[in-house]
Amino acid sequence: MALVTTTTADVMLQDIWSAELNRGVKLEIVISGLFRDRSKELAGNSDKAGDVLRVISRHNLTANTKSASSALTPEAITETAQTFTVNTHQATAQSIEDIAEIQTKYDIRAEYNDAASYSLARAMDVAGGALFDDNTLQTVGTFGSEVLEDNLLRARQYLRDSAFKPPFNLIVPTATLHGLVKLERFSREDYTGDESGTAVHDAQVGKVYGATVYESLLVVGTSPNASGQWFKDGHFFKIVQRSPSPHSWYSPNDLAWVLSTDQVYGMFELQEAVEAAAGTTSARLGGCEVRCRK
């Protein structure tokens, strides 16, 4: 007996295209938002435009004992400057033919404009996170391991030893955060002050020892190793001379829209001038690398 099967009726079977696209996963953009914005100090399209920001150190003087009938010896400190060069120019680009837009049910240009914005924002976060393992002077923790309470206390002490006051920020990856949640000091409201009982929200996930804790998967390191960071406001900063900006033109020869989106910025770590009298050096005093698990 002859049967009508999916093979014999193949030309009658429909291919159904989904109503929505299977869009790429988007990680939370956390790091760049916690960098102080110093863009106005190097503003584009003005009389202050440039590509290098110079931050001049001003150190403390020596308190000398004045002896009777003896003149004071004037003190002159040779100060130095840190230079921060804005030279990161990143972009995405596509060319979309008319026939592709005509024959698809999806808004291709809108979809890829959204993808471009995310890709550039992610790149800025990665650039910020890449700075977290540069501090070899002040580090706590062990690569590939959970962060201990003693590590948090030592990180806080590093900054307090230079007289920096809370509030601080702590950025760690998810695996490390899950270890922190085990600490009563991190989760109990009598420690955190969170009377609502809902300390976890968005990428901000609580407070501990004067630091607001944030979760980011874009900190530097290859799993299981990672470098988080405990830092004061202003220790890390950004200069954005062009935020993600779309550009487009129509090519009549190609019968296509040519699209691009670009940004110009720099992500930086400041070295603070030392406290010592007549000091002449600067160091990464306002941050502490937190070696941990990703």
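For the structure itself, consult the block above.
Predicted model only: the values in this text are computed from it and were never measured.

### Concerning the nonpolar core
No. 1: Core analysis: the largest hydrophobic core is formed by 41 residues, its most contacted members being Leu152, Leu170, Ile171, Leu180 and Trp230.
No. 2: Elements with a minimum of two residues in this core: α3 (149–160), β6 (168–172), α4 (174–180), β7 (204–208), β8 (211–215), β9 (225–232), β11 (256–269) and β14 (287–293).
No. 3: When near neighbours in sequence (up to four residues on either side) are disregarded, Leu170 contacts Leu152, Leu180, Ala211, Thr212, Val213, Tyr214, Gln229, Trp230 and Val290.

### Brief notes about the environment of Ala226
No. 1: Structurally, Ala226 is set in strand β9.
No. 2: Judged by relative accessible area, which is 1%, Ala226 ranks as buried.
No. 3: As for Ala226 and Thr7, which are separated by 219 residues in sequence, their C-alpha atoms are 53 Å apart.
No. 4: When residues no more than four places from it in sequence are discounted, the contact partners of Ala226 are Phe143, Pro173, Val219, Val220, Gly221, Val290, Arg291, Cys292, Arg293 and Lys294.

### Let's talk about helix α2 (residues 108–129)
No. 1: Look at α2: 31 Å from first C-alpha to last across 22 residues, which is about the 32 Å you get at 1.5 Å a residue.
No. 2: Every buried residue of α2 is accounted for by Ile108, Ala116, Tyr118, Leu120, Met124, Asp125, Gly128 and Gly129.
No. 3: On the buried face of α2, the contacting elements are β4 (88–97), α1 (98–102), β10 (236–251) and β11.

### Comments concerning the sheet that holds strand β1 (residues 36–37)
No. 1: Pairing in this open sheet of four strands is mixed, and the strands run β1-β10-β11-β4 from one edge to the other. A single partner strand is all that each edge strand has here, and the edge strands are β1 and β4.
No. 2: The pairing of β1 with β10 spans two bridges and is parallel. The partner of Asp37 across the bridge, within β10, is Lys238.
No. 3: Against the sheet, α2 contacts β4, β10 and β11, and its axis sits at roughly 15° relative to β11.

### Focus: the state of the cysteines
Each disulfide consists of one covalent bond between the sulfur atoms belonging to two cysteines.
No. 1: One pass over the full model with this rule turns up zero disulfides.
No. 2: Cysteine Cys288 shares no disulfide, and the gap to the nearest cysteine sulfur, in Cys292, comes to 11 Å.
No. 3: Note on Cys288: relative accessible area 0%, which makes it buried.

### A word on the packing of aromatic side chains
No. 1: A full pass over the atoms with the stated rule returns nine aromatic pairs.
No. 2: Geometrically, the ring pair formed by Phe132 and Phe231 is tilted, given 6.4 Å between the ring centres and 35° between the ring planes. With a gap of 99 residues between them, Phe132 in the loop between α2 and β5 (139–141) and Phe231 in strand β9 connect regions that are remote in the sequence.
No. 3: Residue classification places Phe231 among the buried positions, given a relative accessible area of 0%.
No. 4: Ring plane angle 90° and centroid distance 5.1 Å describe the contact between Phe231 and Phe236, whose orientation is recorded as edge-to-face.
No. 5: In textbook terms, an aromatic cluster arises when at least three aromatic residues are bridged by ring pairs, as seen for Phe35, Phe132, Phe231 and Phe236.
No. 6: Directly above the ring of Phe164 sits Lys232, whose terminal nitrogen or CZ lies 5.0 Å from the centroid.

What counts as what
- Residues numbered from 1 in each chain as written.
- Predicted model: local features only at pLDDT ≥ 70, side-chain atom pairs only at ≥ 80, totals over all residues.
- Heavy atoms only, no water.
- Core = buried A, V, L, I, M, F, W, Y, C linked by side-chain atoms within 4.5 Å.
- Buried < 20%, exposed > 50% of the residue type's maximum accessible area, 1.4 Å probe, protein only.
- Helix = DSSP H or I, 4+ residues; strand = E, 2+ residues; numbered from the N terminus.
- Contact = heavy atoms within 4.5 Å.
- Expected span 1.5 Å × (residues − 1).
- Pairing = 2+ DSSP bridges.
- Axes fitted to C-alpha atoms, helices over the stretch in contact; angles between N-to-C directions.
- Disulfide = S-S within 2.5 Å.
- Phe/Tyr/Trp six-rings, centres within 6.5 Å; stacked < 30°, edge-to-face > 60°.
- Lys NZ or Arg CZ within 6 Å of the ring centre and 35° of its normal.

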